[in-house]
Amino acid sequence: MKQGELGKVYVDREIIFKEGSQGDSMFVIQSGKVKITKKTEKEEDLTIAVLGTGEIFGEMALFDKQTRSANAIAMGEARILSIDKKKLFSSISRDPTLVFKMLESMSRRIRKLNDDLTQFKKNKFDVLHACVNLEDTCTLILEEARNLISADNGSVMLLDDKGETLSIKSAFGKKSDSHLQLSVGEGIAGDVLNSGRAELVNNVSMDQRYKAGTAHIKSMICIPLKCNDKNIGVMNMSNNTDRLFTLEDLKVLNALSFYASVAIENARNFSALHDASEQVLRHATLLDM
Amino acid sequence: MNNSREGNSQLALDDGAHIAVIGGGPTGTFFSIFALHMARMIGKELNITIYEPKDFTKDGPGGCNRCGGIISELLVQTLAVEGINLPDSVVQKGIHSYKLHTEQGSVSIATPALEKTIATVYRGGGPKGKVSPDIASFDNFLLEQAVREGAVRKPVRIDRIVLKNTKPVLYAKDAEIQEADLVVGACGINSTAPKIFEQMGFGYTEPEKITAAIAEIGLDEKVIADCFGSSINLFLLPDRNIKFAAMIPKGTYVTLCILGKKVTARTMKDFLNNPVTKAVLPDTMPYEIHCSCLPKMNIRAPKKPFTDRVVMCGDAGSTRLFKDGLGAAYLMGKAAAKTAVFDGVGADEFRANYYPVYKSIIYDNYFGAMLYFVIDIYRKWKYLTKAMIHVVDKEQQSSRDEKILSAMLWDMFTGNERYKNVFMKSLKIRMHADMWEGLFKGLVRGKNETG
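Residues numbered from 1 in each chain as written. Chains lettered and ligands numbered in written order. Predicted model: local features only at pLDDT ≥ 70, side-chain atom pairs only at ≥ 80, totals over all residues.

## Focus: the sheet that holds strand β2 (residues 47-51) of chain B
Residues and elements named next belong to chain B.
Step number 1: Within the open sheet, the six strands sit side by side as β8-β2-β1-β12-β20-β19. Their pairing is mixed. At either margin of the open sheet sits one strand with a lone partner, and together these are β8 (152-154) and β19 (306-307).
Step number 2: Together, β1 (18-22), β2 and β12 (182-185) form the strand contacts of helix α1 (residues 26-41), whose direction differs from that of β2 by roughly 170 degrees. (Pairing = 2+ DSSP bridges. Helix = DSSP H or I, 4+ residues; strand = E, 2+ residues; numbered from the N terminus. Contact = placed C-beta atoms within 7 Å. Axes fitted to C-alpha atoms, helices over the stretch in contact; angles between N-to-C directions.)

Dropping the structure here:
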């Protein structure tokens, strides 16, 4: 810290205040950056904002008298000037125009929140749209699975209407074979569909059930997708490299499979309903003629 | 001041109105920044011209507005809330503590967590003959902020203002410069500019003044770091001519400020030769006075600081007694801007909206005068000085949250709190009990020493 600098220096990742703590001051960044984070339900830190020089933070707890709504953490070295609540309110009581700048800053943040909310709603609409289309739903399920575990390849295979053949509805990975079809009981995926039990296979080439496709894989997780006690398909995640899957990966994907199955069934039902209503509409139009 | 109607009612600033600000120091620039910002908020554009002949980037008296250059904790924080963050080049040193020196000992008073909350600055380009890229003028920084907000700066010395058709007209060297809808007198008291407003004949008279002494002492940076650290050194000595003195570290200089009766250049020499001062300064290292001046300080505000379309602010109006002149410049500049933009520029509007703020400083200074009177007694009578040092020392060692005397001295000498609030703190019984204990111990010790 140079001699001419005001405030207090926080080192990289030092916590300035914690979510849930009492707030008796607000802060102005003199130099450096501060990350505002919030804990999600899964206890993960979600970054809400990154603030820079001259920006104010921590003012919410002063005005709404609640505890701190988020964490403030230094990103690199940051120099922060604290502003005492008592003195600030005393100054505001004498000169209410002192809040003009704070209101401007809060308005800017509300505007940004509005923009973020609009974007969020748009994304939500995209998700809803995906949920009425079977292929899009399968793609979304794979995206979620990739967010949860690391894998080189993945696919969602669903059983056809006759209940005889598994075919790929969505896949990722460089060498994914989108035309692969398996009979019930064929290959590891067909066997998992038959047994209804999730499997982790870390040495695929040694597994006699393995049916080589275009991609040469070394390890895989195969999870059955069930609906109303009926097996409707499987979700595969695999690695081409020596990276191995863990039991934790298996548990996480197993948990996801429940929601994935519901989403697939909903998409199928919506599709059937859509087809039926189209048919009714067509008949009605023919009668009018 | 009588309350009868004096001028035109509801004189308001229209969109595109012209304002002339006489003086580009903090009062004038604060006025300009806030007036332009507030007017824009209500959809008005103002044309503000700041008349300032000084170039604040110049070293020595040519660029300096002559003051100690301390920005109080409260003002630093208030400016930060206002979005005016002081750059590192302007802040010569961040201060986290005060060291109080007396003939009876020294004691240190620090901020919680040693956060550097007070700024020391140069008003101009720094001490004479020492222009440095590390020194940026505080006044120039604010002036640039005002220009960024939309004010125009003209390096012109206004020498006459005449009312023509109820509007003030500005002259320089007998040439008409501008007709204004409002003239703001933010000229300080260390120039001839206040006389221009006296000559306007609306009843304004220059404030009552005393002389202070300011000097820039050049020292090695490491020596300053070792001897002063991040502390302002305050001296309360029994010398009858020195009310108090302060040594303010700034990079490779220490600014010496002396306030008191009959302060002269000789007072500075006597102070530097005082054993208490010598104990603070390095033993072996020579020091050199690079720049010194004897500026005037406002100690009593004029009674008539406004008329229709004219308002006096800052040192030329009312300011805080002995301390925090920059804080007062902010208060008065902003109060004048609020009145002009939201209420109007007539005498009645200034009386109703600006004058209460003006008077609140005068009123607060009465408490200040009382406090300085008490401090005078304490510094002159050694047993009381001892008791004061004893109590502050005890408070600083204690884990107790309430450090009454420390907080009082901190707030008083940093200008962090109104004098009235400091005075109210002085009524707390606990502090008096501690003082009596300190006094008693001091008397007993003194008796033992003499016995």
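Now, onward.
## What to know about the domain arrangement of chain A
Step number 1: The domain architecture assigned to chain A consists of domain 1 (8-100) and domain 2 (130-288).
Step number 2: Centre-to-centre separation of domain 1 of chain A and domain 2 of chain A, based on C-alpha positions: 46 Å. (Domains from an automatic or database assignment.)

## Structural notes on the interface of chain A and chain B
Step number 1: Contact residues are listed per partner, giving 21 residues for chain A and 23 residues for chain B.
Step number 2: Mapped by element, the contributors of at least two residues to the side of chain A that touches chain B are β3 (25-39), β6 (71-84), α2 (85-94) and α3 (99-130) of chain A.
Step number 3: Grouping the constituent residues of the side of chain A that touches chain B by class yields seven nonpolar, eight polar and six charged. (Nonpolar A, V, L, I, M, F, W, Y, C, P; charged D, E, K, R; others polar.)

## Focus on the confidence of the model for chain B
Fine structural detail should not be taken from predicted coordinates in areas where pLDDT scores are low.
Residue and element names in this part refer to chain B.
Step number 1: Averaged over chain B, the pLDDT score is 88; the fraction of residues at 70 or greater is 95%.
Step number 2: Note on residues 1-8: pLDDT under 50 across the span, and 13 contacts to partners over four residues away in sequence or across chains.
Step number 3: For this predicted complex, the interface confidence score (ipTM) comes to 0.81, while the overall pTM stands at 0.76. (pLDDT = per-residue confidence, 0-100.)

## Points about the pairing of β1(B)
Residues and elements named next belong to chain B.
Step number 1: Along β1, four of the five residues are buried, which leaves the element largely enclosed by surrounding structure.
Step number 2: Bridge analysis of β1 against β2 gives five bridges, and the strand direction is parallel. When the sheet's bridge partners are listed, Ile19 is paired in β2 with Ile48.
Step number 3: Where the polypeptide runs from β1 across α1 and back to β2, its parallel neighbour, the crossover connection is right-handed. (Buried ≥ 20, exposed ≤ 12 C-beta atoms within 10 Å, placed from the backbone. Right-handed = clockwise from strand over helix to strand, strands pointing away.)

## Quick look at the domain arrangement of chain B
All names here are of chain B.
Step number 1: Domain annotation for chain B reports domain 1 (18-68 + 137-208 + 299-367), domain 2 (90-128 + 209-297) and domain 3 (381-450).
Step number 2: With centres defined by C-alpha atoms, the gap from domain 2 to domain 3 works out at 23 Å.
Step number 3: Taken together, the contact between domain 2 and domain 3 spans eleven residues of the former and twelve residues of the latter.
Step number 4: The set of elements that each furnish at least two residues to the side of domain 2 that touches domain 3 consists of β5 (97-102) and β6 (105-110).
Step number 5: A breakdown of the residues in the side of domain 2 that touches domain 3 according to their chemical character gives six nonpolar, four polar and one charged.

## A closer look at helix α4 (residues 134-148) of chain A
Count 3.6 residues to each turn of an α-helix, and residues three or four apart come out pointing the same way.
Step number 1: For α4(A), built from 15 residues, the straight-helix expectation of 21 Å at 1.5 Å per residue is met to within 8% by its first-to-last C-alpha distance of 21 Å.
Step number 2: Among all positions of α4(A), only A:Leu134, A:Thr137, A:Cys138, A:Leu140, A:Ile141, A:Leu142 and A:Ala145 are buried. (Expected span 1.5 Å × (residues − 1).)

## Quick notes on the packing of helix α9 (residues 347-380) of chain B against helix α10 (residues 382-397) of chain B
Residues and elements named next belong to chain B.
Step number 1: Where α9 meets α10, the axes come as close as 5 Å, and the angle between the chain directions of the two elements is 105 degrees. Here α9 is positioned roughly perpendicular relative to α10, judged by the angle of their axes. Along the contact surface, α9 presents Ile377, Tyr378 and Arg379, while α10 presents Leu384, Thr385 and Met388.
Step number 2: Residues that form the contact of α9 with α10 fall into these classes: four nonpolar, one polar and one charged. (Parallel < 35°, antiparallel > 145°, perpendicular 65-115°, else oblique.)

## Overview of the nonpolar core
Step number 1: B:Ala35, B:Val184 and B:Ile258 are the most contacted members of the largest nonpolar core, which has 149 residues in total.
Step number 2: Here this core gets eleven residues from one element, more than from any other, and that element is helix α8 (residues 325-343) of chain B.
Step number 3: Those residues in contact with B:Ile258 that sit more than four places away from it in its chain are B:Ala212, B:Ala213, B:Ile242, B:Ala245, B:Val263, B:Thr267, B:Met268 and B:Phe271.
Step number 4: The next biggest cluster of nonpolar side chains, apart from the first, holds 34 residues, and it includes A:Leu140, A:Leu142, A:Leu158 and A:Leu182. (Core = buried A, V, L, I, M, F, W, Y, C linked by C-beta atoms within 7 Å.)

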